[in-house]
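# Structural features, examined
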Amino acid sequence: MVADPVPLQLAAELFPNGISRYAIGGLFVGLGAAVIYVGTGISAGASTFLESTLSYVSSQSRFQQYVASRDWRLVFTLGIILGAAVYAVVYQNGAWTTDVAWWRLLLGGIFVGIGTRVGKGCTSGHGVCGVGSASKTSLAGVLAFLLVAILTAQVVAALGVTP
Amino acid sequence: MATSTDRHPLFIPLVLVGGLIFGFGLGYSHMARPEVVLNFLQFEDFGLLFVMFGGAAVTGIVFFVMPRVLDRAPLTGDPFERRLKSFDRNVLIGGAIFGVGWGLSGICPGAAYASLGIGNVTILWALAGMFIGACLQGWWRSRATDGVDPSPTGAD
């Protein structure tokens, strides 16, 4: 048996599921943001939806500043849900559910909710639109959350929490 | 920013179409599955880099080209600008807090919405957490800015 050349072995190790699903999916994510930008000039992020939607139920000034954009942000989020549902209907056999423990999702979600608002963006705002803008602020933000997330996930795994 | 009364009739439909494509991409790239994100963070599958930088490559081209071919966005009349936010220590502090949450749960806001779409009802735990977090932060920030200090925080 002939062994794979070293680059192929390395690629198989780094990308056990190949790269096409990630690259093609990423292009669609960018395309979705691009469609909105071309029509409206808005670079959309996903996390502001959390605050803008809270303006429907809270009169806090922090949320009320998003009243003008809360309806289209709701539509954007509904679009994301439906778009993923289209993927699921075409490529996935039935619903898929995670095995990650509920307390990890809840506690992690709380940190995500606080952090994205304090840090002015998330993986779509900073990661896709901000990096696409070559924004130094966004590059710093991405570096901060990537490094801390890697550290956190490695520590949690080392403590034996799976998944 | 256009208000809801004087908006172009195609504004909301376009946002919906953009969201559909965005969400399809999150489904196709498997980012809607926390396990796949956790595999990346644990150095078992580096595919996530292609998602983020693949997406940024597309927006980068569009952000570069559009201001050079059109003066104003057709549906809003707004100028084409890049997404540039002011830098301060909150970017790093908030980024680090977000990082703890992302590393713990494997899910970020856009991917959480998409996760609902692929039938992952369990992700409602994370969505509840995100709303609680945004609520706590907004309550705290409103108190800080409505109170004695009238100076703008420049948070957005």
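What you see is a predicted model; the values in this text were computed from it and never measured.

### Overview of the overall build of chain A
Of regular secondary structure, chain A possesses eight helices and zero strands. Tracing chain A from N to C terminus, the helices and strands come up as α-α-α-α-α-α-α-α. Over its C-alpha atoms, taken along the principal directions, chain A stretches across nearly 70 × 40 × 40 Å. Every one of the 163 residues in chain A was classed for burial, and the buried ones make up 54%. Sequence-distant contacts in chain A: of pairs separated by 6 or more residues, those separated by 24 or more amount to 40%.

### As for the overall build of chain B
Within chain B, the secondary structure is distributed over six helices and zero strands. Reading the secondary structure of chain B in the N-to-C direction produces α-α-α-α-α-α. Here chain B holds 156 residues, and the buried ones make up 53% of them. Excluding contacts between residues fewer than 6 apart, the proportion of contacts in chain B whose partners are at least 24 apart in sequence is 48%.

### Some details on the interface of chain A and chain B
Facing the 109 residues of chain A at the interface are 112 residues of chain B. With 20 residues, the top contributor of residues to the side of chain A that touches chain B is helix H2 (residues 20–40) of chain A. Its residues assigned to classes, the side of chain A that touches chain B comprises 63 nonpolar, 37 polar and nine charged.

### As for helix H8 (residues 136–158) of chain A
Over its 23 residues, H8 of chain A runs 33 Å from end to end, which matches the ideal 33 Å to within 8%, given 1.5 Å per residue. Within H8 of chain A, burial applies to Thr 137, Ser 138, Gly 141, Val 142, Ala 144, Phe 145, Leu 146, Val 148, Ala 149, Thr 152, Ala 153 and Val 156 of chain A. Turning to H8 of chain A, the residues buried within the fold contact helix H7 (123–132) of chain A together with helix H2 (34–41) and helix H4 (89–105) of chain B. Gly 160 of chain A occupies a position one or two residues after H8 of chain A and carries a positive phi of about 90°.

### Concerning the UniProt feature "transmembrane region" (unreviewed entry) in chain B
Residues annotated by UniProt as "transmembrane region" (unreviewed entry) correspond here to residues 9–28, 48–70, 91–116 and 122–140 of chain B. The distance separating the terminal C-alpha atoms of residues 9–28 of chain B is 30 Å; by composition the span is 90% helix and 0% strand.

### Some details on the UniProt feature "transmembrane region" (unreviewed entry) in chain A
Residues and elements named next belong to chain A. The residues that UniProt annotates with the feature "transmembrane region" (unreviewed entry) are residues 22–50, 71–90, 102–119 and 139–161. Here residues 102–119 is 94% helix and 0% strand, with 25 Å between the C-alpha atoms at its ends. As annotated, residues 139–161 comprises 87% helix and 0% strand, and the C-alpha atoms at either end are separated by 30 Å.

### Overview of the environment of Leu 151 of chain A
Residue and element names in this part refer to chain A. Relative to the helices and strands, Leu 151 is located in helix H8. Leu 151 gets classed as partly exposed once you count the C-beta atoms within 10 Å, which come to 15. Leu 151 sits 134 residues away from Asn 17 along the chain, and the two C-alpha atoms are 23 Å apart.

### Quick word on the nonpolar core
In terms of nonpolar packing, the biggest core is built from 90 residues, with Ala 33 and Ala 84 of chain A together with Leu 26 and Ala 112 of chain B touching the most fellow members. Those residues in contact with Leu 26 of chain B, other than ones at most four positions away along the chain, are Gly 25, Val 29, Ile 80 and Ala 84 of chain A together with Met 31, Ala 32, Gly 110, Ala 111 and Ala 114 of chain B.

### Some details on the packing of H7 of chain A against H8 of chain A
Residue and element names in this part refer to chain A. Contact pair H7 / H8: the axes reach a minimum separation of 8 Å and the direction vectors enclose 145°. Regarding H7 and H8, the two cross each other, and that crossing is left-handed. Residues His 126, Gly 127, Gly 130 and Val 131 of H7 form the contact with H8, whose participating residues are Thr 137, Ser 138, Leu 139, Gly 141 and Val 142.

### Re the packing of H7 of chain A against helix H3 (residues 48–69) of chain B
As a packed pair, H7 of chain A and H3 of chain B sit with axes 6 Å apart at the nearest point and diverge in direction by 50°. When the interaxial angle is binned, H7 of chain A and H3 of chain B end up oblique. Once H7 of chain A is placed against H3 of chain B, the crossing between them reads as right-handed. Of the residues in H3 of chain B, those in contact with Thr 123, Gly 127, Val 128, Cys 129, Val 131 and Gly 132 of chain A of H7 of chain A are Met 52, Gly 55, Ala 56, Thr 59, Gly 60 and Phe 63 of chain B. Residue composition of the contact of H7 of chain A with H3 of chain B, by class: six nonpolar, six polar and no charged.

Definitions and cut-offs
Residues numbered from 1 in each chain as written. Chains lettered and ligands numbered in written order. Predicted model: local features only at pLDDT ≥ 70, side-chain atom pairs only at ≥ 80, totals over all residues. Helix = DSSP H or I, 4+ residues; strand = E, 2+ residues; numbered from the N terminus. Buried ≥ 20, exposed ≤ 12 C-beta atoms within 10 Å, placed from the backbone. Contact = placed C-beta atoms within 7 Å. Nonpolar A, V, L, I, M, F, W, Y, C, P; charged D, E, K, R; others polar. Expected span 1.5 Å × (residues − 1). UniProt positions renumbered as here; feature names shortened; annotations may be inferred. Core = buried A, V, L, I, M, F, W, Y, C linked by C-beta atoms within 7 Å. Axes fitted to C-alpha atoms, helices over the stretch in contact; angles between N-to-C directions. Left-handed = near helix turned anticlockwise from the far one by under 90°. Parallel < 35°, antiparallel > 145°, perpendicular 65-115°, else oblique.

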